[in-house]
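So the chains spell out like this:
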Amino acid sequence: MPPKNTQPKYRQIADYLRNGILHGTFPAGQPLPSEESLAKQFGVTRPTVRQGLAELRASGLVEAIMGRGTFARSPHNRPGLTRPRGVRRASDGRYIEADGIRWTNAEPPVATRTDAPLALADLLRIPPGEPMFTYDALQTADNGHLRQLHRTYVPFSALIDTKYEEEAPPPAPDLYAALADLGHELHFTEYVRTRMPLPDQAQALRLADGVPLLHVLRVTLTAADKPLALEEFHLPGDELELSFRL
């Protein structure tokens, strides 16, 4: 006789659904059993079922769609969008993203003065607290279906003895051409990590509960590997993968 399951009922429901999603009983994109049927199956109330579903939402395995129900999300499925990463210079001098996506700013970015925090100062090899030009933009593409948060940082020290001592430089990607016109031969290094979004980021990117961010840091460097600028990209972590040509 199998041992009695002593876990709370909501956790039994979560484990049952999790195993079904991971082993294909509940395919990705398909609705899960209704709250009513799960309540009958496990002999519990609907609030207990919702508690189990909340545990799965927090781990990104299910998505609740208003008016339609709760749907499975498999971690084994390939994402719906692959974005190649990289920057190249076109024949007309413009720098172009490898993914070829045409991004539009929801509002024109405005330069603000900020002080370099320790983590970014380390990547830019500048003292913490050094002043920087900073631009923030919510960017959309494909009629708003694609969204990203993009921030550009340019340390004041990278602009000494240039015309940008007196005027703010443009944000990326126009920044690349501006730096190249100053005589720099540019290359780029990216760092990619994941984390859960802050509430305002989740709202701006329209993220469902349990969906992490892809956090990309791109450093613009000279041929001598001197950092000139840094960008932050916050991207939805569901239905998206990044590809790098090595």
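See the structure shown above.
Here's what I pulled together on the structure shown here. Only a predicted model underlies this, so the values are computations on that prediction, with no experimental measurement involved.

Structural notes on the overall build of the protein chain
In terms of helices and strands, the protein chain carries six helices and 13 strands. Its C-alpha atoms give the protein chain a radius of gyration of 23 Å, clearly above 18 Å, the size a compact globule of 246 residues would have. When its C-alpha atoms are laid out on the principal axes, the protein chain stretches across 80 × 40 × 35 Å. When each of the 246 residues of the protein chain is scored for burial, the buried share is 39%.

Concerning the pairing of strand S2 (residues 69–72)
Summarising the sheet, strand S1 (residues 62–65) and S2 pair through four bridges and their orientation is antiparallel. Residue pairing in the sheet places valine 62 in a bridge with alanine 72 of S2. Two successive antiparallel strands, S1 and S2, enclose a turn made up of three residues, where glycine 67 displays a positive phi of approximately 80°.

Topic: the packing of helix H1 (residues 9–22) against helix H2 (residues 35–42)
Remark: H1 packs on H2, axes separated minimally by 11 Å, with the N-to-C direction vectors making an angle of 115°. In the crossing of H1 with H2, the sense of the turn from one axis to the other is right-handed. Residue-level contacts link Lys9, Gln12, Ile13, Tyr16 and Leu17 of H1 to Leu38, Gln41 and Phe42 of H2. Taken together, the residues of the contact of H1 with H2 break down into five nonpolar, two polar and one charged.

Quick word on the packing of aromatic side chains
Applying the stated criterion to the full structure yields six aromatic pairs. Look at tyrosine 16 and phenylalanine 26: their rings are 5.9 Å apart centre to centre, the planes differ by 75°, and that puts the pair in the edge-to-face class. Of this pair, tyrosine 16 sits in helix H1 while phenylalanine 26 is found in the loop between H1 and H2, placing the two residues 10 residues apart along the sequence. With a relative accessible area of 34%, tyrosine 16 lands in the partly exposed category.

Notes on the pattern of salt bridges
In the structure shown here, the tally under the stated rule is 12 salt bridges. The salt bridge involving arginine 50 is made with glutamate 35; its shortest N-O contact spans 3.0 Å. Of this pair, arginine 50 sits in helix H3 (residues 46–58) while glutamate 35 is found in helix H2, placing the two residues 15 residues apart along the sequence. You can call arginine 50 partly exposed: its relative accessible area is 40%.

Looking at unusual backbone geometry
For the bond from alanine 172 to proline 173, the omega torsion is 5°, close enough to zero to count as cis. Position of proline 173 relative to the elements: it lies in the loop between strand S9 (146–155) and helix H5 (174–181). The phi angle at aspartate 161 is positive, at roughly 65°, despite the residue not being glycine. Structurally, the position occupied by aspartate 161 is in the loop between S9 and H5. The phi dihedral of aspartate 225 falls on the positive side, at around 65°, and the residue is not glycine. By the secondary structure assignment, aspartate 225 is in the loop between strand S11 (213–221) and strand S12 (227–236).

Examining a negative patch on the surface
A cluster of acidic residues, Asp161, Glu165, Glu166 and Glu167, forms a negative patch at the surface. Note on placement: glutamate 167 falls in the loop between S9 and H5.

Re a nonpolar patch on the surface
Among the surface-exposed residues, Val192, Phe244 and Leu246 lie close enough to one another that they form a single nonpolar patch of about 370 Å² accessible area. Following the sequence through the fold, phenylalanine 244 ends up in strand S13 (residues 240–244). A relative accessible area of 40% places phenylalanine 244 in the partly exposed class.

Cut-offs used in this document
- Residues numbered from 1 in each chain as written.
- Predicted model: local features only at pLDDT ≥ 70, side-chain atom pairs only at ≥ 80, totals over all residues.
- Heavy atoms only, no water.
- Helix = DSSP H or I, 4+ residues; strand = E, 2+ residues; numbered from the N terminus.
- Rg over C-alpha atoms; globule rule 2.2 N^0.38 Å.
- Buried < 20%, exposed > 50% of the residue type's maximum accessible area, 1.4 Å probe, protein only.
- Pairing = 2+ DSSP bridges.
- Axes fitted to C-alpha atoms, helices over the stretch in contact; angles between N-to-C directions.
- Left-handed = near helix turned anticlockwise from the far one by under 90°.
- Contact = heavy atoms within 4.5 Å.
- Nonpolar A, V, L, I, M, F, W, Y, C, P; charged D, E, K, R; others polar.
- Phe/Tyr/Trp six-rings, centres within 6.5 Å; stacked < 30°, edge-to-face > 60°.
- Salt bridge = Lys/Arg side-chain N within 4 Å of Asp/Glu carboxyl O.
- Patch = residues over 30% accessible without salt bridge, like charges linked within 9 Å, V, L, I, M, F, W, Y side chains within 5 Å.
- Areas by Shrake-Rupley, 256 points an atom, 1.4 Å probe, with all protein chains shown as cover.
- Lys, Arg positive; Asp, Glu negative; His and termini not counted.
- Charge placed at Lys NZ, Arg CZ, Asp CG, Glu CD.

The analysis is restricted to geometry; functional conclusions fall outside its scope.
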